[in-house]
Amino acid sequence: MQRQEALPVVESGPLRRVWCRGCRRELSDPVSRQRQLGPECDPEPRHGSRVRFDIDQDAIPGLQEEKQCTE
């Protein structure tokens, strides 16, 4: 059986420039570069960088907690 020749070592050059699809800023973070979305434009939260706001609001009619009947 013949052995396959090893691939030559290729030095990686400078990274390809990637811009955000939302705001057109140049991206440097590896996750942002892969998704092509910056952290401000990415709808999927990551790295715990997004601040979550809990809002008090009225319940949707028909989806309120069930009231127990007292018979």
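All of these numbers come straight from a predicted model, not from anything done at the bench. (Residues numbered from 1 in each chain as written. Predicted model: local features only at pLDDT ≥ 70, side-chain atom pairs only at ≥ 80, totals over all residues. Heavy atoms only, no water.)

### Quick word on the overall build of the chain
If you tally the helices and strands in the chain, you get 1 helix and 0 strands. Counting every position in the chain, which comprises 71 residues, the buried fraction comes to 13%. For the chain, restricting intrachain contacts to residue pairs at least 6 apart in sequence, the fraction spanning at least 24 positions comes to 0%. Here the chain has roughly 7,800 Å² of accessible surface; of this, 50% comes from carbon and sulfur atoms. (Helix = DSSP H or I, 4+ residues; strand = E, 2+ residues; numbered from the N terminus. Buried < 20%, exposed > 50% of the residue type's maximum accessible area, 1.4 Å probe, protein only. Contact = heavy atoms within 4.5 Å. Areas by Shrake-Rupley, 256 points an atom, 1.4 Å probe, with all protein chains shown as cover.)

### Focus: the side chain of R33
Considering the arrangement of structural elements, one finds R33 in helix α1 (residues 30-35). No salt bridge is formed by the buried R33; the nearest opposite charge belongs to E26, separated by 5.8 Å. Beyond its immediate chain neighbours, meaning those up to four positions away, R33 contacts L15, R16, V18, L27 and S28. (Lys, Arg positive; Asp, Glu negative; His and termini not counted. Salt bridge = Lys/Arg side-chain N within 4 Å of Asp/Glu carboxyl O.)

### Focus on the environment of V18
Mapped onto the fold, V18 is located in the segment before α1. Judged by relative accessible area, which is 5%, V18 ranks as buried. Between the C-alpha atoms of V18 and R33, which are 15 residues apart in sequence, the distance is 6.1 Å. The contacts of V18, once residues within four sequence positions are left out, are R25, E26, L27, R33 and Q36.

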